[in-house]
Amino acid sequence: MFSRKRHHCNPCGSLFDLIFKTLLTVLFTVGLVVFLFWLVFRPNRVKFHVTDAALTKFNLKTTTNTLYYNLDLKLTIRNPNKHIGIYYDRVEARAFYGGQRFASKTLPRFYQGKKNTTELNVVLKGQNIVVAGQGNNDDLLSDYNSEKGSGVYGIDVKLYLRVRFKLRTLKTPRFKPKIECDLKVPLDSNGKASATFQTTKCGFDW
């Protein structure tokens, strides 16, 4: 009779236990640091507003489904935090009409200090194809004709960001929040606007 030899791998088990405990400790430490950071500094949400909008051209040519536009926006970004600065590594503004994007522009990157208000000017000018008057896009043409009569257009502007937060010498990884601004913009024709633009608060979407 031959006896079977049993192979023991106690060192392997010990290694796995060590790795598991190390990862658990790291996760707990990171979670504790984040919690203490929030508890001590209680960061306030950054506030975005569109304070002015000038629309001097917004013409949809139905024969070619081409939208001609000239839209100037003034944005304000308020960082209310006393201890946190913000790196805006990427700021892209996109404009939508009837759910279709018709313009986009990438703005210069910048750093925003503590308790600071930054103003951004966004100029969107040109022409683009939008699908109107076909199937599910009948609403776009219907809305356009209605808003053309009133002289006030519903335009959605979204900001796609890549940001990092700075606390003294510490910097966080990048976050990618999206800012949504639902605007009612009056058309200014030859210096005569059909209405006055109202400052609009933008929504925050992580």
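This text goes with the structure placed above it.
Keep in mind it's a predicted model, so treat the numbers as computed, not measured. (Residues numbered from 1 in each chain as written. Predicted model: local features only at pLDDT ≥ 70, side-chain atom pairs only at ≥ 80, totals over all residues. Heavy atoms only, no water.)

1. Some words on the nonpolar core
Generally speaking, a soluble globular protein has its nonpolar side chains buried in company with each other.
Then, in step 1: Among the nonpolar cores identified, the biggest contains 42 residues, and Phe48, Phe58, Tyr88, Phe102 and Ile155 are the most heavily contacted of them.
Then, in step 2: Among the secondary structure elements, those contributing two or more residues to this core are strand 1 (47–61), strand 2 (66–79), strand 3 (85–97), strand 4 (100–107), strand 6 (116–129), helix 2 (138–150), strand 7 (152–167) and strand 9 (178–186).
Then, in step 3: Aside from chain neighbours lying at most four places away, what touches Phe102 is Phe58, Leu67, Tyr69, Ala95, Phe96, Tyr97, Asn128, Val130 and Ile155. (Core = buried A, V, L, I, M, F, W, Y, C linked by side-chain atoms within 4.5 Å. Buried < 20%, exposed > 50% of the residue type's maximum accessible area, 1.4 Å probe, protein only. Helix = DSSP H or I, 4+ residues; strand = E, 2+ residues; numbered from the N terminus. Contact = heavy atoms within 4.5 Å.)

2. A short note on the pattern of salt bridges
Then, in step 1: On inspection of all chains with the given rule, the structure shows 6 salt bridges.
Then, in step 2: The residue Arg164 makes a salt bridge to Asp89 at a minimum N-O spacing of 2.7 Å. Here Arg164, found in strand 7, pairs with Asp89, found in strand 3; they are 75 residues apart in sequence, far enough to count as distant.
Then, in step 3: Under the relative-accessibility criterion, Asp89 is labelled buried at 13%.
Then, in step 4: Between Glu92 and Arg90 there is a salt bridge, with its nearest N and O atoms 3.4 Å apart. (Salt bridge = Lys/Arg side-chain N within 4 Å of Asp/Glu carboxyl O.)

3. Overview of the sheet that holds strand 1
Then, in step 1: With antiparallel pairing, the 4 strands of this open sheet are ordered in space as 6-2-1-12. In this open sheet, the two strands that pair with only one neighbour each are strand 6 and strand 12 (200–201).
Then, in step 2: Pairing analysis gives 2 bridges linking strand 1 to strand 12, with the strands arranged antiparallel. Bridge assignment links Val50 to a residue of strand 12, and that residue is Thr200. (Pairing = 2+ DSSP bridges.)

4. Comments concerning unusual backbone geometry
Then, in step 1: Located in the positive-phi region is Lys115, a residue other than glycine, with phi close to 45°.
Then, in step 2: Residue Lys115 is classed as partly exposed on the basis of its relative accessible area, which comes to 46%.
Then, in step 3: Phi is positive for Arg168, which is not a glycine, with a value near 55°.
Then, in step 4: Inspection of the secondary structure assignment puts Arg168 in the loop between strand 7 and strand 8 (170–171).
Then, in step 5: Taking the relative accessible area as the measure of exposure, Arg168 reaches 63% and is therefore exposed.

5. Observations regarding the state of the cysteines
Then, in step 1: Applying the stated rule across the entire model yields 1 disulfide.
Then, in step 2: Put simply, Cys181 and Cys202 are joined by a disulfide, and their sulfur atoms are 2.1 Å apart. Across the disulfide from Cys181 to Cys202, rotation about the S-S bond amounts to roughly 105°, and the bridge is consequently right-handed. Taken together, the residues Cys181 in strand 9 and Cys202 in the loop between strand 12 and strand 13 (203–205) connect sequence positions 21 residues apart.
Then, in step 3: Note on Cys181: relative accessible area 1%, which makes it buried.
Then, in step 4: Here Cys202 falls in the buried class, since its relative accessible area comes to 9%. (Disulfide = S-S within 2.5 Å.)

6. Thoughts on a nonpolar patch on the surface
Then, in step 1: Nonpolar side chains collect at one region of the surface, where Leu15, Phe16, Leu18, Ile19 and Leu23 lie side by side and expose about 530 Å² of accessible area between them.
Then, in step 2: Inspection of the secondary structure puts Phe16 in helix 1 (residues 10–41). (Patch = residues over 30% accessible without salt bridge, like charges linked within 9 Å, V, L, I, M, F, W, Y side chains within 5 Å. Areas by Shrake-Rupley, 256 points an atom, 1.4 Å probe, with all protein chains shown as cover.)

7. Looking at the environment of Asp205
Then, in step 1: Among the structural elements, Asp205 can be located in strand 13.
Then, in step 2: Note: C-alpha distance between Asp205 and Lys176 (29 residues apart in sequence) is 9.3 Å.
Then, in step 3: Not counting chain neighbours up to four residues away, the residues in contact with Asp205 comprise Pro177, Lys178 and Glu180.

8. Here's the deal with the packing of aromatic side chains
Then, in step 1: One pass over the structure, following the stated rule, counts 9 aromatic pairs.
Then, in step 2: With a centroid separation of 5.8 Å and 75° between ring planes, the pair formed by Phe58 and Phe102 is classed as edge-to-face. Residue Phe58 is located in strand 1, and its partner Phe102 is located in strand 4; the two are separated by 44 residues in the primary sequence.
Then, in step 3: The class of Phe58 is buried, set by a relative accessible area of 4%.
Then, in step 4: Aromatic pair Phe58 and Tyr153: ring centres 4.8 Å apart, planes at 55°, arrangement tilted. Here the residue Phe58 occupies a position in strand 1, and Tyr153 occupies one in strand 7, the gap between them amounting to 95 residues. The same class applies to Phe58 and to Tyr153, which are both buried.
Then, in step 5: Among the aromatic residues, those joined into a ring-pair cluster are Phe58, Tyr69, Tyr97, Phe102, Tyr144 and Tyr153.
Then, in step 6: Here the basic side chain of Lys158 rests over the ring of Phe96, its NZ or CZ set 4.8 Å away from the ring centre.
Then, in step 7: The ring of Tyr87 carries Arg164 above its face, with NZ or CZ at 4.7 Å from the centroid. (Phe/Tyr/Trp six-rings, centres within 6.5 Å; stacked < 30°, edge-to-face > 60°. Lys NZ or Arg CZ within 6 Å of the ring centre and 35° of its normal.)

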